[in-house]
Amino acid sequence: MSLHAMVYTAAGVERYDDIDAALSATGETWVHADGLESSEIASLKERFGIHQLAVDDVLREQTRPKVAEYDTHSFVLLKTARLSQRDDFQFHKEVRTKPVGFFIGEEWLVTMSTSDVDVVDLSATQWTKNGRRFADRGTDFLAYRIMDAIVEQYYDVLDEIEDDIEAVEERVLETPDPQMLEVLNDVRRDLLAFRKVTWPAREALSVLSRGDVPEVAERNEKYFRDVHDHLVQVVDLTETYRDLTSGSRDIYLNAVSQSTNEVMRTLTVVATIFIPLTFVVGVYGMNFAGSPYAMPELYWRYGYPATMLGMGVLAGVMLVHFRRQGWV
């Protein structure tokens, strides 16, 4: 487990490996823990009064983003999101998430995750360099900066999905094939999984931005409103991209249907041409030579070539007619 603390004052930022030393120091304290172990979780719970239910929410991957209030702190759960790598148009990429728990107390902040999170490490680096400029804004402002960085990553996910949708649309219009339907369904599943992350996150930030959380100072509410506005845009873009994938799927199905219609039309023309030819062949196949009612053409020297010529002329006339009608 990685566990470290930083204390922010007007004089600068101090890093501590010992939590008790950080808590005894004067200033705003941020503790981050990842790769959780039971003994260290118990230590954090004891020092900060963190509720076990909140810890369980961080440990369960299926927990939705949320906000909860406890006696000594407020708890916010958000999730980072990224797309795993895939090759060309195979679309084996899926949305991968990591939960990040924020425990916001009076002059202290604890962030907790099940594994290393890049955006938290980046925020720690930035605050190590510039933290003294924000030391008087409170730990809720620090929580805002990390949440804002998480939401900014959502735009990167949407940019990747947008590129995939554009690539799929081009292939659907140029060379539709059965694989496209599977590809479109994969993109729709990505968007649905992403929506399950962003939609509840929007509701959570709404609670933080309207003054319902006592640990969020009134002067900092505007920053959480800004993050909430970004999440509203993310959710709207997600819905727009879902509509685009539905439109691409409709285009694919229409292209397949049109191709099927072209084949059926060709087969219909061929069948229509052969119907009268089959009739003629059938009639002349009834060659009752010993009957007084037998067809005189049976005894005509040029009967066979004349019949074949007539059938060829009939097929040609019908073919010309179908071409003028635009059927072939």
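Definitions and cut-offs
Residues numbered from 1 in each chain as written. Predicted model: local features only at pLDDT ≥ 70, side-chain atom pairs only at ≥ 80, totals over all residues. Heavy atoms only, no water. Buried < 20%, exposed > 50% of the residue type's maximum accessible area, 1.4 Å probe, protein only. Helix = DSSP H or I, 4+ residues; strand = E, 2+ residues; numbered from the N terminus. Arc of directions from axis to C-beta. Contact = heavy atoms within 4.5 Å. Pairing = 2+ DSSP bridges. Axes fitted to C-alpha atoms, helices over the stretch in contact; angles between N-to-C directions. Salt bridge = Lys/Arg side-chain N within 4 Å of Asp/Glu carboxyl O. Patch = residues over 30% accessible without salt bridge, like charges linked within 9 Å, V, L, I, M, F, W, Y side chains within 5 Å. Areas by Shrake-Rupley, 256 points an atom, 1.4 Å probe, with all protein chains shown as cover. Lys, Arg positive; Asp, Glu negative; His and termini not counted. Charge placed at Lys NZ, Arg CZ, Asp CG, Glu CD.

(A) Broad picture of helix α2 (residues 38–48). Burial in α2 covers these residues: I41, L44 and F48. Projected onto a plane normal to the axis of α2, the buried residues spread over an arc of 60° and lie on a single side. Summarising the geometry of α2, the exposed residues directed more than 90 degrees from the buried face are S38, S39 and E46. If you follow the buried residues of α2, they end up packed against β1 (2–9), α1 (19–24), β3 (28–34), α3 (52–59) and β7 (108–113). Positioned one or two residues after α2, G49 has a phi angle of 70°, which is positive.

(B) Layout of the pairing of β7. Among the 6 residues that make up β7, 6 are buried, leaving the element largely enclosed by the rest of the structure. With burial as the criterion, each face of β7 is covered, one bearing W108, V110 and M112 and the other bearing L109, T111 and S113. Hairpin remark: strand β6 (residues 95–105) followed by β7, antiparallel, with 2 residues in the connecting loop; positive phi at E107, about 65°.

(C) Molecular detail of the sheet that holds β1. Strand order across the open sheet formed by 7 strands is β2-β1-β3-β7-β6-β5-β4, with mixed pairing between neighbours. Bordering the open sheet on either side are β2 (12–16) and β4 (66–69), each of which pairs with just one other strand. Geometrically, the sheet is characterised by an average inter-axis angle of 20° between neighbouring strands, direction not taken into account. In the packing of helix α6 (residues 179–209) onto the sheet, contacts are made with β4, β5 (74–83) and β6, and the angle to β5 comes to roughly 150°.

(D) Layout of the pattern of salt bridges. The tally for this structure, following the rule as stated, stands at 7 salt bridges. With a shortest N-O distance of 2.0 Å, D186 and R189 are connected by a salt bridge. Here D186 pairs with R189, and both are found in helix α6, just 3 residues apart, close to one helical turn. Where salt bridges share partners, they join D57, R60 and K66 into one cluster.

(E) Highlighting a negative patch on the surface. A surface patch of like charges, here negative, comprises E152, D156, D159, D163, E166, E170, E174, D226 and D229. Contributing elements (two or more residues each) for the negative patch: α5 (139–174) and α7 (221–285). Here the negative patch gets 7 residues from one element, more than from any other, and that element is α5.

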